[in-house]
Every structure is written in C-alpha cells, then in structure tokens.
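# Structural characterization, general
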Amino acid sequence: MLVTEIVPGVGLNPDSRMRCETALALGTWMKTFVIPAATLMADRGDVVGVDHGSTYICRRRNNAPDGKLSEHSFGNAIDVMGFRFAEGDSIAIEPRERDGTMAEAFQDAVRASACMTFTTVLGPGTDAAHADHLHLDVKERNGGFRLC
C-alpha cells in the first residue's frame, strides 16, 4: 500500500509503499509511543513528519552483493532517518552517547518503544550500517522472538 501519512497529521517523507502489517505497526508505534514522547519536548511542538531512507525495495541485507534478502524486499521494513516537528529543529537519528540532551532522550525512548510493535529494531550502536537510522521491521520469527 502507498503510505503518505502515518497517522493523521504525521506525514511520511517521501511517500512510500509497504505491506499493510508494516504500516499498521508504524501507525501504532507513532500513536502509542512517538507522539506522547514528543509532547514532553515543549519547544518542538507536534510531530508532523517522519523522514525515511527506504521501505519496499528489492535488495539484500545491508545492500550486500550476496546473502539473504532484506526485509525491505518484502515490504516488511522501514528505515527511519529522523522526525520533524511543527516548531523547532528536527531530530535526526544518529549516534548519541550520553550527550544529555532531550534529543537523545527522545531517540532512546522511541527506539526502545519500537520493539513493542516491530519485531526487529536496529540503530546506532548495532553496527556501522545502522549508525544513522532506525531499521524497523515486522519479520515473523519462531515463538514471537524479537530482535531489539
């Protein structure tokens, strides 16, 4: 399905295609965790957009020339690059090691909460390939195992 808004008022930039299960997980995460976390940052206002690097694209994991197909190949994944707000600066996903800012607190909170609706959550600190984004996917695993 083509997704232009994650929930009403929160755009997806650029518009993108993904499976319904992925869109549902993204919407649930946004409504249940991301928007409430953003309300604690009074200087930024409402979340108005999510920037992403890719959703449905046929490729191998980490863009390697061989190996297993990425969950992006099945429309099961999104790479979140950052969040835009009605006021104030955007928050890009990036390595943040105890910088003590609200941006770090927000990034940590949304990353941790993503594992409640997605089955895979990778990001800064996972490996070099995920240093600048949150990889979120809905891959089904035995026993409901989550990789976060």
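The structure we're discussing is the one just above.
Presented here is an overview of the structure given in this document. For clarity, every value in this text was computed on a predicted model and none was experimentally measured.

Where empty space is left becomes clear once a probe the size of a water molecule has been rolled over the atoms. Taken as a whole, the largest pocket holds about 370 Å³ of empty space. Considering the residues around the largest pocket, the lining is formed by 19 residues, among which Arg61, Asn62, Leu122, His130 and His135 are closest to the centre. Residue assignment for the lining of the largest pocket shows that the elements contributing at least two residues are strand S6 (120-122) and strand S7 (134-137). Each residue belonging to the lining of the largest pocket can be placed in one class, and the counts come to three nonpolar, eight polar and eight charged.

Under the counting rule described, the total for this entry stands at six salt bridges. We note a salt bridge from arginine 59 to aspartate 79, for which the minimum N-O separation is 3.7 Å. Here arginine 59 is found in the loop between strand S3 (47-54) and strand S4 (77-85), whereas its partner aspartate 79 is found in strand S4, with 20 residues between them in sequence. By relative accessible area, aspartate 79 is classed as buried at 7%. A salt bridge links aspartate 99 to arginine 96; the nearest nitrogen and oxygen atoms lie 4.0 Å apart. A network of salt bridges, in which partner residues are shared, links Glu94, Arg96 and Asp99.

In this section: the state of the cysteines. Tallying each qualifying case throughout the model produces one disulfide. One disulfide bridge connects cysteine 115 with cysteine 148, the sulfur atoms lying 1.6 Å from each other. Taking the sign of the torsion about the S-S bond as the criterion, the disulfide between cysteine 115 and cysteine 148, at about 75 degrees, is right-handed. Remark: cysteine 148 occurs in the segment after S7 and cysteine 115 occurs in the loop between helix H2 (102-114) and S6; sequence separation between them is 33 residues. Classification of cysteine 148 by relative accessible area gives exposed; the value is 55%. Lacking any disulfide linkage, cysteine 20 is separated from the closest cysteine sulfur, that of cysteine 58, by 19 Å. Here cysteine 58 falls in the exposed class, since its relative accessible area comes to 63%.

This part takes up a negative patch on the surface. There is a patch of like negative charges on the surface, built from Asp43, Asp46, Glu87 and Asp89. Looking at the secondary structure, you find glutamate 87 in the loop between S4 and strand S5 (91-92).

The rules behind the values
- Residues numbered from 1 in each chain as written.
- Predicted model: local features only at pLDDT ≥ 70, side-chain atom pairs only at ≥ 80, totals over all residues.
- Heavy atoms only, no water.
- 1 Å grid on protein atoms, 1.4 Å probe; cavity = no way out; pocket = protein on both sides within 12 Å on 5 of 7 lines; lining within 4 Å.
- Points joined across faces, edges and corners; volume = space filled by probe spheres on them.
- Helix = DSSP H or I, 4+ residues; strand = E, 2+ residues; numbered from the N terminus.
- Nonpolar A, V, L, I, M, F, W, Y, C, P; charged D, E, K, R; others polar.
- Salt bridge = Lys/Arg side-chain N within 4 Å of Asp/Glu carboxyl O.
- Buried < 20%, exposed > 50% of the residue type's maximum accessible area, 1.4 Å probe, protein only.
- Disulfide = S-S within 2.5 Å.
- Patch = residues over 30% accessible without salt bridge, like charges linked within 9 Å, V, L, I, M, F, W, Y side chains within 5 Å.
- Areas by Shrake-Rupley, 256 points an atom, 1.4 Å probe, with all protein chains shown as cover.
- Lys, Arg positive; Asp, Glu negative; His and termini not counted.
- Charge placed at Lys NZ, Arg CZ, Asp CG, Glu CD.

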